[in-house]
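Inside the fold
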Protein chains: 2
Amino acid sequence: MRNDNLYNIRHSLSHMLAIAVKKKYPHAKLAIGPVIDTGFYYDFDFSGGEAPADKDLKDLQKQMKKSASSNLDFKKEELDEKEARAFFKNEPYKLELIDEFAKAGEKITVYKTGDFTDLCEGPHVANTKEINTDAFELSHIAGAYWRGDEKNKMLTRIYGLAFENKEALDVYKKFREEAAKRDHRKIGKELGLFTFSDLVGPGLPLFTPKGTIIRDVIAEKIRSIQIRFGYERVWIPHIAKKELYQTSGHWDKFRDDLFHVKGKGDAEFVMKPMNCPHHTQIYASAQRSYKDLPVRFMEVTTNYRDEQPGELLGLSRVRSLTQDDGHVFCAIGQVETEAKNIVTVIREFYTSLGMFEKDSYWVSLSVRDPKLPEKYLGDAKNWDTAEHMLEKVAKEEKLPYKRIEGEAAFYGPKLDFMFKDAIGREWQLATIQIDFNMPARFGLEYNDKDGKKKTPVMIHRAVAGSIERFLSVIIEHFAGNFPVWLAPVQAIIIPISEAHLSYAQSVHEQLKISGARAMLDESNETLGKKIRNAKLQKIPYLLVVGDKEKASLAVTVESRDGGSLGQMPIEKFIQMISLEK
Amino acid sequence: MRNDNLYNIRHSLSHMLAIAVKKKYPHAKLAIGPVIDTGFYYDFDFSGGEAPADKDLKDLQKQMKKSASSNLDFKKEELDEKEARAFFKNEPYKLELIDEFAKAGEKITVYKTGDFTDLCEGPHVANTKEINTDAFELSHIAGAYWRGDEKNKMLTRIYGLAFENKEALDVYKKFREEAAKRDHRKIGKELGLFTFSDLVGPGLPLFTPKGTIIRDVIAEKIRSIQIRFGYERVWIPHIAKKELYQTSGHWDKFRDDLFHVKGKGDAEFVMKPMNCPHHTQIYASAQRSYKDLPVRFMEVTTNYRDEQPGELLGLSRVRSLTQDDGHVFCAIGQVETEAKNIVTVIREFYTSLGMFEKDSYWVSLSVRDPKLPEKYLGDAKNWDTAEHMLEKVAKEEKLPYKRIEGEAAFYGPKLDFMFKDAIGREWQLATIQIDFNMPARFGLEYNDKDGKKKTPVMIHRAVAGSIERFLSVIIEHFAGNFPVWLAPVQAIIIPISEAHLSYAQSVHEQLKISGARAMLDESNETLGKKIRNAKLQKIPYLLVVGDKEKASLAVTVESRDGGSLGQMPIEKFIQMISLEK
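Rules behind the numbers
Residues numbered from 1 in each chain as written. Chains lettered and ligands numbered in written order. Predicted model: local features only at pLDDT ≥ 70, side-chain atom pairs only at ≥ 80, totals over all residues. Heavy atoms only, no water. Helix = DSSP H or I, 4+ residues; strand = E, 2+ residues; numbered from the N terminus. Buried < 20%, exposed > 50% of the residue type's maximum accessible area, 1.4 Å probe, protein only. Contact = heavy atoms within 4.5 Å. Least-squares fit on C-alpha atoms with pLDDT ≥ 70 in both. Domains from an automatic or database assignment. Buried area = accessible area lost by both parts, 1.4 Å probe. Salt bridge = Lys/Arg side-chain N within 4 Å of Asp/Glu carboxyl O. Nonpolar A, V, L, I, M, F, W, Y, C, P; charged D, E, K, R; others polar. Pairing = 2+ DSSP bridges. Phe/Tyr/Trp six-rings, centres within 6.5 Å; stacked < 30°, edge-to-face > 60°. Lys NZ or Arg CZ within 6 Å of the ring centre and 35° of its normal. Axes fitted to C-alpha atoms, helices over the stretch in contact; angles between N-to-C directions.

Some points on the side chain of His 500 of chain A
Residue and element names in this part refer to chain A.
- Turning to its location among the elements, His 500 is positioned in the loop between strand 24 (491-495) and helix 15 (501-513).
- Its relative accessible area of 6% is what places His 500 among the buried residues.
- Beyond its immediate chain neighbours, meaning those up to four positions away, His 500 contacts Pro 495, Val 545, Gly 546 and Asp 547.

Put into structure tokens, the structure is as follows:
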């Protein structure tokens, strides 16, 4: 937060960095040096001279510590435009900023530290002695466009970490190290789950057989739970005329984030960025009576959004998002039961991942801002009912929920599920959203008991959300050690030597017939190497077979999570693994 | 065929039609009157006067019969350009044709019949007495653009049927009537399988829960068979950079039939018109050894092609084609086994539909034209091997095949499977295609035993082909009476009166738990009406329950295909239906 102690220290450190850089690289031009969540950075233009590399960060850091230890004051001064221009005449980026301040009629302030002066509105520490020199370090260098615009010049950004004290810095460095080990892009590559192709394009992952198993198993798990609650699969194409989104209202808001499709004719199509408008058209394809409600559609289908190339990141941010989507069309009185059923689906799904534990998730009940009733569309009485029902469900289902006023969408209240991963990061994954707006926009109707035509309420729900983003979260959460039911390979059979290959093959066959996802290591590697490889692949069960096992139709089982389980008959292993699926 | 007897009769009938039209509608301008598969048509411009409607066809037909019975001669004459222009000075369409003939230096001929003269190159019957006046009739009127170009004027096209004799005409009319009854657009609507939305766009069907069940059951049937042969599912996005298709070679040939995708950036994407190029990129994502081959990918995924609006037709011709696709990457020596396995998949799948019967299918073995070796890409020795292997498989699998020279694709030989539907139409559905070209274009490799890098052969295979087109074929083949394993609703429970509703519900629950797709009729209709409705829905089993059934925990079963099966315990019915799934 601005103006708190840590903010001032981080901000002051960015000036110390500029001092150190200017000392060693006098040709460097200064851009900007703001505070970020984990410390600070400063952007420099080193063109026309030497630029630092990662190896030079230590020296710069040493210099920063030296000047921080010199008890320098930070002094604020106000300059008029002319003075500022004169002072920064050799700093083109500062001049550009001065232009803007002047144009906006803003005050121009500088901070002086020793003989260094920076254009800056503050705030800073009063004196560098407030800076704990053990609690910061320079972390890395990256390129960054001036003002984030790729049409501008690429500058050099030097990042620093800075925390309250050395312990906090160490905790963060440890966290970062752990996060790097778990990076889903790294693990995805090691386990061979997905790939990108330059010919296909950025943000468009392709899934290998192993990655596809995980996708399919997740989708099937969700389907198998929600089919009990009357959900039926539908199928929609991936494009639609822009008129569909003009009707839904998405066109006006999101037109620039859509992929536009043109053929040789005049028709203009759009790649669907979401599924609800299409699903309304299936609802609208038949006469509906109150007896038919709720109508519940589910579909696992891919949406496309034109994310900026610079924002794409592994599976976390893609252009092709596959949603495990679901929509319920119902009467307002049915919202409670439907929401309750969806909570059950979410609970069962996340329980199977071990993620629905006390303190590992919480729920945001997002309701209207009572002070701004005009912000929300739809009948106030229906809003009252739906908010009340969602809160009742949250209570009855004993969800750890917080009621957050003003967080509702303009079209209805919602329940958002936030999950903590293994290293403490929080992710919004599942959601239940009430919608009073879209059914009316599409003129959806049902014939009610009283003979009158009424507009149904729509419920949007996601369990995993985007499968790609969900995968990025759980790959990192499990560090690739997927639960048995989710593991692309559940067991690998490792023959001790070539002499045991045919027995290993028969074990493999039996496992496959039982429905287990088993693999056979037919390589010519040593036993030690084969076991190491299987462990690197994070396979839940290693089944070693040699003379002893062959003689007694058994396998010797090494569990990834439970260590050595000794020798057991094949059937016993099959029974054991089938309980975990 | 041109110049055969029937051709001449049909062609002459189009002139008789023009005579009849000119007599009744003297203001009509003549366009063209060609022969078609089932008879003939003539295009007229009636603007500026009265135009005939379907109800007027009888009169016109009567007039045609009358003049055909007048033993008129057809006499050919040659005119020079000037004579022709003078003669047809009031026929603007004929003048346009004369322009073209003159420009191309072609001879201008006319045919005279009585006092009617038409610009025409023939041939015709010598005399109208050759025309069997019982073997033709005018069938319908439609609009058609002059020269098929939508920028031109819309003309009135009058269609006529004409055959060798009355029997052949009646057979064809019967066939057409049967085809109309089976029209998949009509049945799809009656059974509520799919829908189109003006907001989504033409050629883009949306599938309801019932239609989606059929799609999913077909895909799952194919998957469940081919998983035995080592196929693994993969997943690819629906777009790619155009560079992917420039590399595959599709860009040059099909660029105009593709949907082009643009976002806000510079990247130009294309909606995938097929899956093979993407699948090569998954193959290329890992090092492959000869030990890893064959690599077999399968995926049910939707392709997009920019079909002209005028060519779109229900599910037969759509813009969104979902393929049950499969690709095998293997060594040339493995082609035989792989092709054999695919034949097994095709046999099992079509056997389950009752379509793999003697005389209900045949196979085209498409090989090179030996006279044009330069037409084909790839090593001639590999071609010899692959053609030989495909023929060997066809023989060993006892396929009724014809070897057709010159029908191979430029990239490899293939086996195409042709199936006859219930009313005798033939459809090319399954295919096995060898490809010597694409792996090389993408630089695919594997490390062979001898340590050398080699290029794999690719096999494209389809079992159902496009699911949408396949659905249009089988909906018409079965006239909506799907086999039990494919029926979206397999059984409906019909309580005799409201008093039996709760027993009916318990039967419904038991069936659902058993995995049967069962429905409960909870309407307030009479028993008779409920049974009629169920029959209209073509549901394989109607289970009527009343006091008697309730007392003995039984159902009274009426089979769609087998008539009344009497009363039986619920478990017995469940057992019976589970054998049909």
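Now that the structure is up, let's keep going.
As for the relation of the copies chain A and chain B
- Superposing chain A onto chain B takes a rotation of 180° plus a shift of 0.1 Å along the axis, which leaves an RMSD of 0.2 Å. Here the copies are linked by what is in effect a two-fold axis. If distances are taken from each C-alpha of chain A to the rotation axis, the shortest is found for Val 261 of chain A, at 2.2 Å.
- Interface residue correspondence from chain A to chain B reaches 100%, placing this contact among same-surface, isologous pairings.

Here's the deal with unusual backbone geometry
Residues and elements named next belong to chain B.
- Following Gly 122, the chain continues into Pro 123 via a peptide bond in cis, with omega recorded as -5°.
- Relative to the helices and strands, Pro 123 is located in the loop between strand 6 (116-119) and strand 7 (136-145).
- With an omega of -10°, the peptide bond running from Leu 293 to Pro 294 counts as cis.
- On the secondary structure map, Pro 294 appears in the loop between helix 10 (276-283) and strand 15 (295-304).
- Of note, Lys 398 is a non-glycine position whose phi angle comes to about 55°, a positive value.
- Positive phi outside glycine occurs at Leu 553, with the angle close to 50°.

Quick notes on the domain arrangement of chain A
- Along its sequence, chain A is organised into domain 1 (5-182), domain 2 (198-235 + 277-478) and domain 3 (491-578).
- Between domain 2 of chain A and domain 3 of chain A, the C-alpha centre-to-centre distance is 41 Å.

Details of the interface of chain A and chain B
- Taken together, the contacts link 57 residues of chain A with 57 residues of chain B.
- A per-residue breakdown of the area chain A buries against chain B is headed by Leu 199, Trp 235 and Lys 264 of chain A, which together make up 18% of the total.
- The tally of links between chain A and chain B comes to six salt bridges.
- The biggest single contributor to the side of chain A that touches chain B is helix 7 (residues 209-226) of chain A, with four residues.
- By residue class, the composition of the side of chain A that touches chain B is 24 nonpolar, 18 polar and 15 charged.
- In this structure, strand 13 (residues 260-262) of chain A lies alongside strand 13 (residues 260-262) of chain B, joined through three bridges in antiparallel fashion. The residue bridging Val 261 of chain A from the neighbouring strand is Val 261 of chain B, located in strand 13 of chain B.

A closer look at the packing of aromatic side chains
- Using the criterion set out here, one finds 52 aromatic pairs over all chains in the structure.
- Consider the rings of Phe 194 of chain B and Phe 196 of chain B, whose centres lie 6.2 Å apart with planes at 85°: the pair is edge-to-face.
- The class of Phe 196 of chain B is partly exposed, set by a relative accessible area of 36%.
- Cluster of aromatic residues (ring-pair linked, three or more members): Phe 349, Tyr 350, Phe 356, Tyr 361, Phe 419 and Phe 470 of chain A.
- One Lys or Arg, Arg 157 of chain B, reaches over the ring of Tyr 41 of chain B and ends 3.8 Å from the middle of that ring.

Quick word on the environment of Leu 527 of chain B
Residue and element names in this part refer to chain B.
- Tracing the chain through its elements places Leu 527 in helix 16 (residues 527-536).
- As a C-alpha pair, Leu 527 and Ser 497 span 30 residues in sequence and 7.5 Å in three-dimensional space.
- If sequence neighbours within four positions are ignored, Leu 527 has contacts with Ile 494, Pro 495, Ile 496 and Val 544.

Description of the sheet that holds strand 14 (residues 268-271) of chain B
- Spatially, six strands are ordered 12(A)-14(A)-13(A)-13(B)-14(B)-12(B) in an open sheet, and the strand pairing comes out antiparallel. Of all strands in the sheet, those bounded by a partner on one side alone are strand 12 (239-241) of chain A together with strand 12 (239-241) of chain B. Ignoring strand direction, the axes of neighbouring strands in this sheet form an average angle of 40°.
- For strand 12 of chain B and strand 14 of chain B, the ladder comprises three bridges, and the chain directions are antiparallel. In the strand pairing of strand 14 of chain B, Lys 241 of chain B is matched with Phe 269 of chain B.

Observations regarding the side chain of Thr 156 of chain A
- Of note, Thr 156 of chain A is situated in strand 8 (residues 154-162).
- If we skip the residues at most four places from it in the chain, Thr 156 of chain A touches Tyr 42, Asp 43, Phe 44, Phe 46, Ile 141 and Ala 142 of chain A.

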